[in-house]
Each structure stands twice: as C-alpha cells, then as structure tokens.
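# Report on the structure
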Amino acid sequence: MTRLALIRHGHTAWNRAGRIQGRSDIPLDRDAEAALARLRLPGPWAQVELWSSPLVRATRTAELISGRTPRTDDALTEMNWGDWEGLHGADLRADPASGFRDTDQWGWDYRPPGGESPAEVLARLMPWVSALRDDAVAVCHIGVMRMLMARATGWNFDGPAPFRIKRNRLFVLETGPGTWTLEPETVRLRECDA
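Here's a quick rundown of the structure. Since the model is a prediction, treat every value here as computed from it, not as a measurement. (Residues numbered from 1 in each chain as written. Predicted model: local features only at pLDDT ≥ 70, side-chain atom pairs only at ≥ 80, totals over all residues. Heavy atoms only, no water.)

### Here we look at the overall build of the protein
For the protein, the helix and strand inventory stands at 6 helices and 9 strands. Here the C-alpha radius of gyration of the protein, 16 Å, is about what a compact globule of 194 residues would show, namely 16 Å. Based on the C-alpha atoms only, the size of the protein along its principal axes is roughly 50 × 40 × 25 Å. Buried residues in the protein amount to 49% of all 194 residues. (Helix = DSSP H or I, 4+ residues; strand = E, 2+ residues; numbered from the N terminus. Rg over C-alpha atoms; globule rule 2.2 N^0.38 Å. Buried < 20%, exposed > 50% of the residue type's maximum accessible area, 1.4 Å probe, protein only.)

### Looking at the pairing of strand E3 (residues 49–52)
One face of the sheet, then the other: side chains in a regular strand alternate in exactly this way. In terms of strand pairing, E3 meets strand E5 (residues 136–140) through 4 bridges, oriented parallel. Looking at the pairing, Leu 50 lines up with Val 137 of E5. Both E3 and strand E4 (residues 71–72) contribute to a ladder of 2 bridges, which runs parallel. The partner of Trp 51 across the bridge, within E4, is Arg 71. Each parallel crossover has a hand, and for E3 linked through helix H3 (residues 56–66) to E4 it is right-handed. (Pairing = 2+ DSSP bridges. Right-handed = clockwise from strand over helix to strand, strands pointing away.)

### Topic: the packing of aromatic side chains
Think of a pair of aromatic rings as described by two things: how far the centres are apart, and how the planes are tilted against each other in angle. Considering all chains together, one arrives at 9 aromatic pairs under this definition. Seen from their ring centres, Trp 108 and Phe 157 are 4.9 Å apart, and the 85 degrees between their planes marks the pair as edge-to-face. Highlighted residues: Trp 108 in the loop between helix H4 (89–94) and helix H5 (118–131) and Phe 157 in the loop between helix H6 (142–153) and strand E6 (169–176), separated in sequence by 49 residues. For Phe 157, a relative accessible area of 1% corresponds to the buried category. Here a set of aromatic residues connected by ring pairs shows up, and it is made of Trp 81, Trp 84, Phe 100, Trp 106, Trp 108, Tyr 110, Trp 155, Phe 157 and Phe 163. (Phe/Tyr/Trp six-rings, centres within 6.5 Å; stacked < 30°, edge-to-face > 60°.)

### Section: the pairing of strand E7 (residues 179–182)
One ladder, built from 4 bridges, connects E6 with E7; its direction is antiparallel. Within E7, the position partnered with Thr 175 by the bridge is Trp 180. As consecutive antiparallel partners, E6 and E7 are separated by 2 residues, and within that stretch Gly 178 has a phi angle of approximately 75 degrees, a positive value.

### Points about the nonpolar core
Among the nonpolar cores identified, the biggest contains 37 residues, and Leu 4, Leu 6, Trp 128 and Leu 148 are the most heavily contacted of them. A total of 8 residues in this core trace back to one element, the largest contributor, which is H6. Beyond its immediate stretch of four places on either side in the chain, Leu 148 contacts Leu 6, Leu 122, Leu 125, Val 129, Leu 173 and Trp 180. (Core = buried A, V, L, I, M, F, W, Y, C linked by side-chain atoms within 4.5 Å. Contact = heavy atoms within 4.5 Å.)

### Topic: the packing of H5 against H6
Look at H5 against H6: their axes get within 9 Å of each other, and the N-to-C directions meet at 80 degrees. Taken together, H5 and H6 sit at an angle that is classed as roughly perpendicular. On H6, the residues touching Pro 118, Val 121, Leu 122, Leu 125, Met 126 and Val 129 of H5 are Val 144, Met 147, Leu 148 and Arg 151. Among the residues forming the contact of H5 with H6, the class breakdown is 9 nonpolar, no polar and 1 charged. (Axes fitted to C-alpha atoms, helices over the stretch in contact; angles between N-to-C directions. Parallel < 35°, antiparallel > 145°, perpendicular 65-115°, else oblique. Nonpolar A, V, L, I, M, F, W, Y, C, P; charged D, E, K, R; others polar.)

What follows is the structure, encoded as structure tokens:
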C-alpha cells in the first residue's frame with residue numbers, strides 16, 4: 001500500500017470572490033502567502049516525495065509549506081471548467097438555464113460546457129497514482145481531491161459528500177491494487193515561526 005496525502009492550495013483572489021478557477025493560472029493572494037509561510041508539513045510527511053499541480057497557486061503552496069521545489073505533473077491540474085472559468089458560481093446557480101449543478105448532484109458524467117467530467121478527471125489521475133511507489137504529498141486542487149476521495153470512499157456525486165475538504169490539512173489516502181481507503185482523520189499542518 002502507498003499513502004498519498006492530498007492538500008489543497010492556498011487562497012487566491014478568485015477563490016475569495018467566488019469565481020471558478022479551473023485551469024486558469026491564478027496566483028496565491030498576499031494573505032495566503034503570509035499565512036502559508038507560517039505553516040509546515042508535519043513529521044514524517046516533511047520527508048516524503050513532494051508533488052504539485054503545475055499551476056502557480058499549487059506550486060507556490062508546496063514551496064511555502066515544505067521549503068523545497070515540488071515535482072509537477074499535469075494530471076494534478078484542476079478540473080477543466082470550460083466556458084464557466086472566470087465566472088461566479090453564484091451567478092450560474094441563480095440562472096436555471098445555465099445547467100450549473102452543485103457537486104452533490106453531478107454524477108460521474110456531469111460536464112460543464114467545454115469542460116471535463118469527474119470521470120475524465122479521475123481517468124487522467126489514475127496512471128499518476130498507480131505509478132507512485134513511495135508515500136507522497138500532492139498539493140493540488142479541490143476538484144482533484146474530490147475525484148480521488150470519491151474513488152476512495154465510493155461516493156458517486158449523488159448526495160452530500162462523506163468528507164469535507166478544508167485548507168491546511170492533509171487528507172491521507174491508502175492506495176494499492178484494487179483497494180483504496182481514505183483515513184478518517186486529517187493531519188494538520190504545523191505552525192512555525194516565519
């Protein structure tokens with residue numbers, strides 16, 4: 001079994017404004033930079049292989065919490081939201097003609113216009129996960145985390161998720177041939193002097 005700890009990147013101006021980022025390469029905001037500079041990967045997780053999405057908000061988060069440069073892989077890039085990138089989720093939700101749905105109503109085949117479905121995101125992630133031979137930390141995005149955690153828990157985007165993704169916490173998956181699990185407890189980043 002391989003243990004994979006997932007962590008979401010820090011806040012961006014688009015996060016705070018409720019805009020859909022997807023693959024748009026939006027940097028961390030100043031407050032996130034300052035907050036992450038005071039956090040570190042805890043205990044044994046500080047020594048394992050470090051991966052990141054190639055998007056700057058993820059690579060910078062990885063650098064800040066580890067003090068080192070992560071390896072990147074395109075598989076860890078956020079879900080492609082297509083025509084909805086840059087738009088406000090609240091505006092799409094308020095427009096019945098938009099086709100926008102909350103994640104608990106997606107199913108694996110839901111696709112934003114011009115974007116990709118959860119099933120497609122998981123399909124591009126699986127070869128990367130399968131190639132891991134040692135424990136690793138991956139700094140990525142909420143969409144990527146949702147797909148991997150859905151795979152581990154059996155959640156099918158058909159009602160409330162059996163997990164809640166928060167920032168500054170490691171969500172640990174155990175992966176192996178035919179067996180995936182999500183550890184029930186998250187691991188907090190440790191605080192340090194900046």
